[in-house]
Amino acid sequence: MRKINPMKKLFVLICLTFSLSGFSQEKETTNFKRNELKGNALFLVLGAVEITYERIINEDTGLGVSLFFVSEDDFETNLSLTPYYRAYFGKKPAAGFFVEGFAMLNSYIDHGYTTYYYDNGTTITNFVADETGTDFALGFGLGSKWIHKRGFVFEINAGIGRNLFSDNSPEIVGRGGITLGYRF
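Please read all numbers here as calculations on a predicted model, not as lab measurements.

Trainee: How do you make sense of the overall build of the protein when you look at a structure like this?
Mentor: In terms of helices and strands, the protein carries two helices and eight strands. Starting at the N terminus and ending at the C terminus, the protein contains elements arranged as α-β-α-β-β-β-β-β-β-β. Within the protein, buried positions represent 33% of all 184 residues. In the protein, the share of contacts with a sequence separation of at least 24, taken over all contacts with a separation of at least 6, comes to 52%. Accessible area for the protein stands at about 12,600 Å²; split by element, carbon and sulfur atoms hold 63% of it.

Laid out in structure tokens, this is it:
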């Protein structure tokens, strides 16, 4: 029988120890609150309501949905449901600069007016009945979010999208605001 050199035993033992410790390395996960409920303060001042819920997936991404509605005639869109996905680039979990992609199911009112111009210089404007419809838009947005240590959220964002199906709907839809909320 052959004797094994003690140096070889030590070398094999060191190699096994390092290989086992390499598998035990895991990424540290920080515990943080993952739900946010927010309201758009800018739209509230303008006479509309937008409420948003966002679920933080991990430190860098989140999924959310916004519900917008208004009863005034100042807005072309009177109701929208907007799911979105965000990628965050800040140092805090789900905070800082972000980029989002969104889809928007929106309902609109087209206030119709027809204007006739005559050769004798007269102009007649006729009211045409309001036309309502629904369309679907895709778009992207940018923004930034700040989180207070007690969970209060302040966010500024803006986005633009394009309606895809109806010829009578507004071609471009906007998204944005100054949002206040709470992370829980």
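And the narrative resumes.
Trainee: In this structure, what is going on with the environment of Ile57? I would like to understand it.
Mentor: Inspection of the secondary structure puts Ile57 in strand 2 (residues 48–58). Since its relative accessible area comes to 39%, Ile57 is described here as partly exposed. Sequence separation of Ile57 and Arg34 is 23 residues, and the distance between their C-alpha atoms is 7.3 Å. Leaving out residues up to four positions away in the same chain, Ile57 has contacts with Arg34, Gly62, Leu63 and Tyr85.

Trainee: Which parts of the structure should I look at to understand the side chain of Ser80?
Mentor: For Ser80, the position within the fold is in strand 4 (residues 77–88). Take Ser80: its relative accessible area is 6%, and that puts it in the buried class. Aside from chain neighbours lying at most four places away, what touches Ser80 is Ser66, Leu67, Phe68, Met104, Leu105 and Asn106.

Trainee: How should empty space enclosed by the protein be read in this particular structure?
Mentor: Under the criterion given, the structure shown has one cavity of 30 Å³ or more. The calculated volume of the largest cavity comes to roughly 80 Å³. What lines the largest cavity is a set of 13 residues, among which Glu50, Thr52, Glu155, Asn157 and Thr179 lie closest to the centre. When contributions to the lining of the largest cavity are tallied by element, the ones reaching two or more residues are strand 1 (35–40), strand 2, strand 4, strand 7 (152–163) and strand 8 (172–183). The residue inventory of the lining of the largest cavity, partitioned by class, reads one nonpolar, seven polar and five charged.

Trainee: What's the story with the side chain of Asn35 in this structure? I'm lost.
Mentor: Mapped onto the secondary structure, Asn35 falls in strand 1. When residues no more than four places from it in sequence are discounted, the contact partners of Asn35 are Tyr53, Glu54, Arg55, Tyr182, Arg183 and Phe184.

Trainee: I would appreciate a short explanation of a nonpolar patch on the surface in the present structure.
Mentor: Together, Leu37, Ile51, Tyr53, Val65, Leu67, Phe69, Leu79, Leu81, Leu105, Phe152, Tyr182 and Phe184 line one region of the surface with nonpolar side chains, adding up to about 1,000 Å² of accessible area. Counting only elements with at least two residues in the nonpolar patch, the list comes to strand 2, strand 3 (61–70) and strand 4. Element by element, the count of residues in the nonpolar patch is highest for strand 3, at three residues.

Trainee: Looking at this structure, I do not really get the layout of surface pockets. What am I missing?
Mentor: Unfilled space is identified by rolling a water-sized probe across the atoms. Its volume calculated, the largest pocket comes out at about 240 Å³. Forming the boundary of the largest pocket are 15 residues, of which Phe43, Phe68, Phe75, Thr77 and Gly174 lie nearest the centre. The residue makeup of the lining of the largest pocket, split by class, is seven nonpolar, five polar and three charged. By volume, the second largest pocket amounts to about 180 Å³. Phe32, Lys33, Lys92, Pro93, Ile147, His148, Lys149, Arg150, Gly151 and Arg183 are the residues that line the second largest pocket. The residue makeup of the lining of the second largest pocket, split by class, is three nonpolar, two polar and five charged.

Trainee: What exactly am I supposed to notice about unusual backbone geometry here?
Mentor: Trans peptide bonds make up the majority, and among non-glycine residues the majority have a negative phi. In this structure, Ala94 is a non-glycine residue whose phi angle is positive, near 50°. Examined against the element boundaries, Ala94 turns out to sit in the loop between strand 4 and strand 5 (96–117). Of the residues examined, Ala94 reaches a relative accessible area of 0% and is grouped as buried.

Trainee: Please clarify how the pattern of salt bridges should be interpreted in this entry.
Mentor: Any two side chains of opposite charge can pair, on the condition that their charged atoms come close. If you walk through the whole model with that rule in mind, you get 12 salt bridges. With a shortest N-O distance of 3.1 Å, Glu155 and Lys38 are connected by a salt bridge. In this pair, Glu155 sits in strand 7 while Lys38 sits in strand 1, placing the two residues 117 residues apart along the sequence. Lys38 shares its class with Glu155; the two are buried.

Scoring rules and cut-offs
Residues numbered from 1 in each chain as written. Predicted model: local features only at pLDDT ≥ 70, side-chain atom pairs only at ≥ 80, totals over all residues. Heavy atoms only, no water. Helix = DSSP H or I, 4+ residues; strand = E, 2+ residues; numbered from the N terminus. Buried < 20%, exposed > 50% of the residue type's maximum accessible area, 1.4 Å probe, protein only. Contact = heavy atoms within 4.5 Å. Areas by Shrake-Rupley, 256 points an atom, 1.4 Å probe, with all protein chains shown as cover. 1 Å grid on protein atoms, 1.4 Å probe; cavity = no way out; pocket = protein on both sides within 12 Å on 5 of 7 lines; lining within 4 Å. Points joined across faces, edges and corners; volume = space filled by probe spheres on them. Nonpolar A, V, L, I, M, F, W, Y, C, P; charged D, E, K, R; others polar. Patch = residues over 30% accessible without salt bridge, like charges linked within 9 Å, V, L, I, M, F, W, Y side chains within 5 Å. Salt bridge = Lys/Arg side-chain N within 4 Å of Asp/Glu carboxyl O.

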